[in-house]
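Chain residues, written in single-letter form:
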Amino acid sequence: MTSRVLALLALVAGLVMFTGGTASACKCVERGPQDQMESAVAVFAGTVTRVGVSPDESGGGHVIAVLRADHVYKGQAREWFQVSTRSEGPACGYDFAAGSRHLVFAGGRDEALTTSSCSGNASLPAGDRPLRRDDGNGVTRELIAALGTPTRVRHTGAAEPTIAGSTAAGSTAAGSTSAGSTAAGSTSAGSAAAKSAATESAGPDGGTGVLVAALVAVGVVALAAVGGWAYRRRSST
């Protein structure tokens, strides 16, 4: 009897682990800073001023972030960059939130830049100074050497680009314009919450959590049935 119960428990646990594994975290190919630098179209440090969510037919959608650059390490030195990334962590989406500052490695085309959690991006301290080794979050001597000497961006007051066809997921950072915002008055905390909800979804198919819950429920019912059968058998003997 005990062996049957243990076997059933092992089966349920295996099913839960298997289905959970299909939506596991993003796996990146290991690359050094020099490779990341060479494969990027644009590399810059900047502060996020706006975040929008753009749905698409493939599911999950994209997060589109507008950043005000302070230093450019590769590509055209300009004040504003617009970058898209997958909205789900398991799909290698990178976490942008209004008011946060990042080193961004972007690929794609200059007018349609993309990035991911595998691109080499790093979270930076607030401000606008060049990178230093004590910035932490993966900012190493090797990375700084690969980046080389940056071009400091001159802020001329150029208008912030709007995010076409998206739903606003955060507020505009202080000091930037609010033209084109579809959620005026929203807070950066709302942006973080919206992004967190997208990142913590069950997976690319959106249904893994429901499947796991159903399997656990079936396992509990099966265990109860086996226990009842064993009890009746002992009682009858």
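Residues numbered from 1 in each chain as written. Predicted model: local features only at pLDDT ≥ 70, side-chain atom pairs only at ≥ 80, totals over all residues. Heavy atoms only, no water.

**Q** Go over the overall build of the protein chain, please, and point to the residues and values.
**A** Per the secondary structure count, the protein chain includes 5 helices and 8 strands. Listing every helix and strand of the protein chain by position from the N terminus yields α-α-β-β-β-β-β-β-α-β-β-α-α. Among the 237 residues that make up the protein chain, the fraction classed as buried is 35%. Approximately 12,700 Å² of the protein chain is accessible, and the part contributed by carbon and sulfur atoms is 59%. (Helix = DSSP H or I, 4+ residues; strand = E, 2+ residues; numbered from the N terminus. Buried < 20%, exposed > 50% of the residue type's maximum accessible area, 1.4 Å probe, protein only. Areas by Shrake-Rupley, 256 points an atom, 1.4 Å probe, with all protein chains shown as cover.)

**Q** I'd love a proper account of the packing of aromatic side chains, names of residues and values included.
**A** Given two aromatic rings, one states the distance between the centres and the angle between the planes to describe the pair. The final tally for this structure, using the stated rule, is 2 aromatic pairs. Between the aromatic rings of Phe44 and Phe81, the centroid separation amounts to 4.0 Å while the plane-to-plane angle is 10°, which identifies the pairing as stacked. Highlighted residues: Phe44 in strand E1 (residues 42-54) and Phe81 in strand E3 (residues 80-86), separated in sequence by 37 residues. Between Tyr94 and Phe96, the ring centres sit 5.0 Å apart and the planes meet at 75°, which makes this aromatic pair edge-to-face. For the pair Tyr94 and Phe96, one class covers both residues: buried. (Phe/Tyr/Trp six-rings, centres within 6.5 Å; stacked < 30°, edge-to-face > 60°.)

**Q** Quick one: what's the story with the pairing of strand E4 (residues 101-109), residue by residue and with numbers?
**A** In terms of burial, E4 is largely enclosed, as 7 of its 9 residues are buried. Sheet analysis places E1 next to E4, joined by 6 bridges and oriented antiparallel. Directly across from Gly46, in E4, lies its bridge partner His102. Pairing of E4 with strand E6 (residues 122-124) involves 3 bridges; the strand directions are antiparallel. Across the sheet, the residue bridging to His102 is Ser123, located in E6. Hairpin connection, E4 to strand E5 (residues 112-114): the antiparallel pair is bridged by 2 residues. (Pairing = 2+ DSSP bridges.)

**Q** An account of the pattern of salt bridges is needed here, citing residue identities and associated values.
**A** Evaluated as defined, the whole model comprises 6 salt bridges. The salt bridge partner of Arg68 is Glu79, with a shortest N-O separation of 3.1 Å. Here Arg68 is found in strand E2 (residues 62-74), whereas its partner Glu79 is found in the loop between E2 and E3, with 11 residues between them in sequence. On the accessibility criterion, Glu79 (6% relative accessible area) is buried. (Salt bridge = Lys/Arg side-chain N within 4 Å of Asp/Glu carboxyl O.)

**Q** Can you lay out the environment of Glu38 for me, pointing to particular residues and giving the numbers?
**A** Along the chain, the position of Glu38 falls in helix H2 (residues 33-39). With 109 residues separating them along the chain, Glu38 and Leu147 place their C-alpha atoms 9.9 Å apart.

**Q** Can you lay out the nonpolar core for me, pointing to particular residues and giving the numbers?
**A** Residues Phe44, Leu67, Phe81 and Phe96 are the most contacted members of the largest nonpolar core, which totals 17 residues. Looking at this core, the elements that each hand over two or more residues are E1, E2, E3 and E4. Element by element, the count of residues in this core is highest for E2, at 5 residues. Contacts of Phe81, omitting those with residues within four sequence positions, involve Ala42, Phe44, Ala65, Val66, Leu67, Ala69, Val72, Gln76 and Leu113. Counting 13 residues, the second-largest nonpolar core is a separate cluster that includes Met37, Ala45, Leu131 and Leu143. (Core = buried A, V, L, I, M, F, W, Y, C linked by side-chain atoms within 4.5 Å. Contact = heavy atoms within 4.5 Å.)

**Q** How would you sum up the state of the cysteines? Please name residues and give values.
**A** Applying the stated criterion across every chain yields a total of 2 disulfides. Residue Cys26 pairs covalently with Cys92 via a disulfide, S to S 1.8 Å. Residues Cys26 and Cys92 share a disulfide whose torsion about the S-S bond is about 85°; that sign makes it right-handed. With Cys26 in the loop between helix H1 (2-21) and H2 and Cys92 in the loop between E3 and E4, this pair connects stretches of sequence that are 66 residues apart. Each member of the pair Cys26 and Cys92 is classed as buried. One disulfide in the model links Cys28 with Cys118; its S-S distance is 1.9 Å. Between Cys28 and Cys118 the disulfide shows an S-S torsion of about -75°. By sign, it is left-handed. You can see Cys28 sitting in the loop between H1 and H2 and its partner Cys118 sitting in the loop between E5 and E6, a full 90 residues away along the chain. Each disulfide in the protein chain links cysteines that, numbered along the sequence, combine into the pattern 1-3, 2-4. (Disulfide = S-S within 2.5 Å.)

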